[in-house]
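One letter stands for each residue in the lines below.
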Amino acid sequence: MLIGIDLGTTNSAVAIWRDGAAELVPNALGELLTPSAVSIARDGQVWIGRAALDRLARHPEQTATSFKRRMGSAATTRLGGPDGKPRDYKAEDLSALILQALVHDVEALTGEKPSEAVITVPAYFNDRQRKATRRAGELAGLTVRRLINEPTAAALAFGLQDKGDREAFLVFDLGGGTFDVSVVEMFEGIVEVRASAGDNRLGGDDFDDALAALMAPRIDPEGVLAALPAERREALLKRAAESCRRALSSASEAEFAVVVDDRRLAATVTETEFEAACDTLLRRLREPVVRALRDCAIDAAELSDVVLVGGATRMPAVRRAITRLFGRFPNSSVHPDHAVALGAAIQAGLAGRDAALDEIRITDVCPFTLGIEVAERDGHGGLQRGLFSPIIERNTPVPVSRVNTYSTLADSQKKLEFGIYQGEAREVRGNVKLGDMSVPVPPRPAGEISVEVRFSYDSSGLLEIDVHVPENGATRNLVIVDEEDRPDAKDLEKRRAALAGLKHHPREEAGNVALIARAERCYEDHIGELRQMIGHWITLFAGALDTQDPRRIAEARAMLSTRLDEIESVSPL
């Protein structure tokens, strides 16, 4: 059985695709959302979800929440262990316990234990975070068929509900711990993600922290909270802030209250005061939106809708900020807490080739730029090292294959070495390192040897690097796969075979070769200004081919073909 899971920072949910529709699965308490909380006592007893969250205030040292924010890092949380000894848990270990609970909920409903899953991740999760999420699924006993970006999943749920073609719309996904935006188009059954951007350190938790910082001095002028252990004080303020924030979503003021040893500390806060305290956070919502729109060259005024996803979008302050940003009211027709899980179930239905979804196709983008470390001459005789050279730019549709050419910088250089990175910073130290490669080169004067470096990337996150030295025929190949997350040989070969079909430059494609030959013949057949125009069109098309961007190439190909048709239609013959 294949299921769809929204593994969230604050809450998680699971859905199944059956009888031609996505269906959310309730947990043992009858709730559709399971808090992403784990509590493990010293004797090894485990509580998951609501029960764990209820233990947070009294047993903060035994309870973990918001651990999704540490996914892919070395950070650990010390809780109890099965042998009665404390142990350190990574974010994927704790996430696996949440996933196991969701699997049990599905089994209780259907009588069948799921073995495969589609799991959602923030669009802006990097390679390490995605691999850690996949490991969490495997630790829970699941085969992870695919990771799907959260706003993409939400777009699927919105699209299937809305049905029909749509102009570009933006999915605004503000959850408990992360913020994502995706620009999406729908046409002829294809859901195409045009661009994604986000902030992995911005979510409802940050708004809770701002509210707690505002209210703690008000409710505790005598320092009662300050006398508590830090873990317990933070847990009490967190619960109070979350409850107060939710109340402010439907009221102009609310009470912020904490109970310490039968003593109640409380004060009232207005929605206006809360919004002022969150001003910095609200301003941070703008940059990912601007980046996504800029990357896909779409103006905000051209969007047909701004679709809200994620529980934190319920905050009036956030909705007002969105309205100011776009100059219109956002669309809240999809359930903010359910859309991502429902979209994951739809993707599960697609993966399972359900007949009801035969006409639906989905395309996604590479959320981060991928490239290598290079060095450049600075024009003053020096060498600037540690620079990032992009090969696959962020928001390129996947699967994709791109190639760049590099030259040696030193005389008699015998080897070319470089690191492989993911990110947007100019210097590689600001990006995520994925691996290293080296290739032998013939010793020649600097700049005489060129090396072709090709990156190929698929929708499941497989990155394959091919290096070729035309001078001596040397080649190297590397597949970036986390050793803890290595797929079996058969699956790896299948995915690499799918990428192999992409490993040629667009200028080598038969259709493009034929069009250039046709244009050059037309150039030869004419003289004067018309000949110059044809030459200019050929140059534009060649430039589009060099970008290796399928959308630009398609537009340039259509333009050149149409203009050649017009010229040939008035031929004297």
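Remember, it's a predicted structure, so these values are computed and weren't measured experimentally.

Here's the deal with the overall build of the chain
Logical step 1: The secondary structure content of the chain amounts to 15 helices and 27 strands.
Logical step 2: Taken over the C-alpha trace, the chain has a radius of gyration of 27 Å; the compact-globule value for 573 residues is 25 Å, and the two agree within 12%.
Logical step 3: Looking at the chain as a whole, 52% of its 573 residues are labelled buried.
Logical step 4: Taking contacts inside the chain between residues at least 6 apart in sequence as the whole, the part at least 24 apart equals 65%.
Logical step 5: Accessible surface computed for the chain: about 25,900 Å², of which carbon and sulfur atoms make up 48%.
Logical step 6: When the 71 positive and 88 negative side-chain charges of the chain are each reduced to one mean point, those points stand 3 Å apart.

Observations concerning the side chain of Arg 194
Logical step 1: Tracing the chain through its elements places Arg 194 in strand 14 (residues 190–199).
Logical step 2: Since its relative accessible area comes to 13%, Arg 194 is described here as buried.
Logical step 3: A polar side-chain atom of Arg 194 sits 2.9 Å from a polar atom in the side chain of Glu 185.
Logical step 4: Looking at Arg 194, its side chain comes within polar contact range of the main-chain oxygen of Cys 296, at 3.1 Å.
Logical step 5: Discounting residues that sit within four places of it in the chain, Arg 194 has contacts with Val 183, Glu 185, Cys 296, Ile 298, Val 365, Asn 395 and Arg 551.

Section: the sheet that holds strand 6 (residues 46–48)
Logical step 1: A sheet is described by the order of its strands in space; here three strands give the open sequence 6-5-7, paired in antiparallel fashion. Of all strands in the sheet, those bounded by a partner on one side alone are strand 6 and strand 7 (63–65). Across the sheet, the axes of successive neighbouring strands diverge by a mean angle of 15°, strand direction being ignored.
Logical step 2: Judged from the three bridges that link them, strand 5 (residues 37–40) and strand 6 form a sheet pairing that is antiparallel. Each residue of the ladder has a partner; that of Ser 39, found in strand 6, is Trp 47.

Calculation criteria
Residues numbered from 1 in each chain as written. Predicted model: local features only at pLDDT ≥ 70, side-chain atom pairs only at ≥ 80, totals over all residues. Heavy atoms only, no water. Helix = DSSP H or I, 4+ residues; strand = E, 2+ residues; numbered from the N terminus. Rg over C-alpha atoms; globule rule 2.2 N^0.38 Å. Buried < 20%, exposed > 50% of the residue type's maximum accessible area, 1.4 Å probe, protein only. Contact = heavy atoms within 4.5 Å. Areas by Shrake-Rupley, 256 points an atom, 1.4 Å probe, with all protein chains shown as cover. Lys, Arg positive; Asp, Glu negative; His and termini not counted. Charge placed at Lys NZ, Arg CZ, Asp CG, Glu CD. Polar contact = N/O pair within 3.5 Å; in protein donor to acceptor, adjacent residues only side chain to side chain. Pairing = 2+ DSSP bridges. Axes fitted to C-alpha atoms, helices over the stretch in contact; angles between N-to-C directions.

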